[in-house]
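Chain by chain, the residues:
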Amino acid sequence: METVIGIIVFLLGMLCWIGQSLALFSLPTAIRLGLFEAESEVDGSLYQIERLAEGIMDFLLCWMLPVSGLMMVLEIKIWPILALVGGGVYLYFPGLIILSRIVLKRQGKKIGSPSSEKAAYLFGTLWALSALIMIWLAVLKL
C-alpha cells in the first residue's frame, strides 16, 4: 500500500511543482497546457500573487513532498523527515489556493473559469489529502 501511496503522492506533487515552475518560467506553456489561468480570467492581484509570490515559493518548496513519496517507494530511510516538512508545505498552499478563491469570489472578483475553479478545488483537496497521509505515515515510521 505504501508503494501505491508513494507513487500517487509523487505524481500529484510533481504535477504541482512542474505546473508552478512552468507558470513562473514559461507562462505561455503553462496556460496552453491548462496548468495556469490566462490573466484575463482572474483578478489582477490574484494573478500576480499566484504566479510570482506564491509561484516562487512553490518552485522552491513544493518538490519536497513528491520526493519524499519517491524516497518512501525506494525505501530511503530519511523519507519521513522530508515528508513532514513537505507535508506542512502541502497543507498550507492548498488552503491558500482554496480560501483565496472563496474570499475573492464572495467579493465579486474574477477567480478563473468555472472549470479552472473546480480544478483548483479538486487538486487543492488532493494535495492536502496527500500531505495528511504522508504526515501520518511519517509519524508512524518515526
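Residue numbers run consecutively from 1 along every chain, following the written order of its sequence. Local features in this predicted model are restricted to residues of pLDDT 70 or higher, and side-chain atom pairs are both shown and tallied only at a pLDDT of 80 or more, whereas totals for entire chains, interfaces and linings draw on every residue. Computation of side-chain values covers all heavy atoms of the structure but excludes hydrogens and water.

### Some words on the environment of leucine 140
- Only DSSP runs of H or I covering at least 4 residues are called helices, and only runs of E covering at least 2 are called strands; the numbering of each starts at the N terminus. Note on placement: leucine 140 falls in helix 6 (residues 114-141).
- Think of it in three bands: residues with accessible area under 20% of the maximum for their type are buried, residues over 50% are exposed, and the middle band is partly exposed, with areas taken using a 1.4 Å probe on protein chains only. Relative accessible area serves as the criterion here: at 56%, leucine 140 is assigned to the exposed category.
- The spacing of leucine 140 and isoleucine 5 is 135 residues in sequence and 15 Å in space, taken between C-alpha atoms.

### Considering the packing of helix 1 (residues 2-25) against helix 6
- Between helix 1 and helix 6, whose axes approach to 10 Å, the crossing angle comes to 135°. On the basis of their axis angle, the class for helix 1 and helix 6 is oblique. Relative to helix 6, helix 1 is oriented so that their crossing is left-handed. Across the interface between the two elements, Glu2, Ile5, Val9, Leu12, Gly13, Leu15 and Cys16 from helix 1 touch Phe123, Leu126, Trp127, Ser130, Ile133, Met134 and Leu137 from helix 6. To obtain each axis, a line is fitted to C-alpha atoms, and for helices this fit is confined to the stretch in contact; angles are then taken between N-to-C directions over 0 to 180 degrees. Throughout this description, any angle smaller than 35 degrees is read as roughly parallel, any larger than 145 degrees as roughly antiparallel, any in the 65 to 115 degree range as roughly perpendicular, and the remainder as oblique. Should the near helix be turned anticlockwise from the far one by less than a right angle, the crossing is left-handed, and should it be turned clockwise, the crossing is right-handed. Residues count as neighbours in contact if any of their non-hydrogen atoms are within 4.5 Å of one another.

### So, the state of the cysteines
- Any pair of cysteine sulfurs within 2.5 Å is marked as a disulfide. A complete count under the given rule lists 0 disulfides for this structure.
- There is no disulfide at cysteine 16, and the cysteine sulfur nearest it, in cysteine 62, is 4.2 Å away.

### Considerations on helix 6
- To estimate how far a helix should reach, multiply one less than its number of residues by 1.5 Å. Over its 28 residues, helix 6 runs 40 Å from end to end, which matches the ideal 40 Å to within 8%, given 1.5 Å per residue.
- Residues Ser116, Glu117, Ala120, Gly124, Trp127, Ala128, Ser130, Ala131, Met134, Leu137 and Ala138 constitute the buried set of helix 6.

### A word on the packing of aromatic side chains
- Geometry of aromatic contacts follows a simple scheme: Phe, Tyr and Trp rings, the Trp one being its six-membered ring, pair when their centres are within 6.5 Å, and the pair is stacked under 30 degrees between planes, edge-to-face over 60, tilted otherwise. Tallied over the full model, the rule gives 6 aromatic pairs.
- With centroids separated by 5.5 Å and ring planes inclined at 65°, the aromatic side chains of phenylalanine 36 and tyrosine 47 adopt a geometry described as edge-to-face. Separated by 11 residues along the polypeptide, phenylalanine 36 in the loop between helix 2 (27-32) and helix 3 (44-61) and tyrosine 47 in helix 3 bring together distant segments of the chain. When sorted by exposure, phenylalanine 36 lands in the same class as tyrosine 47, which is buried.

### Notes on the pattern of salt bridges
- Each salt bridge in this description consists of a side-chain nitrogen of Lys or Arg and a carboxyl oxygen of Asp or Glu lying within 4 Å of one another. Applying the stated criterion across every chain yields a total of 3 salt bridges.
- Across the salt bridge formed by arginine 101 and glutamate 50, the nearest N and O atoms sit 2.6 Å from each other. On the criterion of sequence distance, the pair formed by arginine 101 in helix 5 (residues 79-106) and glutamate 50 in helix 3 is long-range, its members being 51 residues apart.
- Residue class for arginine 101 comes out buried when judged on its relative accessible area of 2%.
- You can call glutamate 50 buried: its relative accessible area is 8%.
- Within this structure, Glu37, Glu50 and Arg101 form a network of salt bridges that share partners.

Keep in mind these numbers describe shape, not what the thing actually does.
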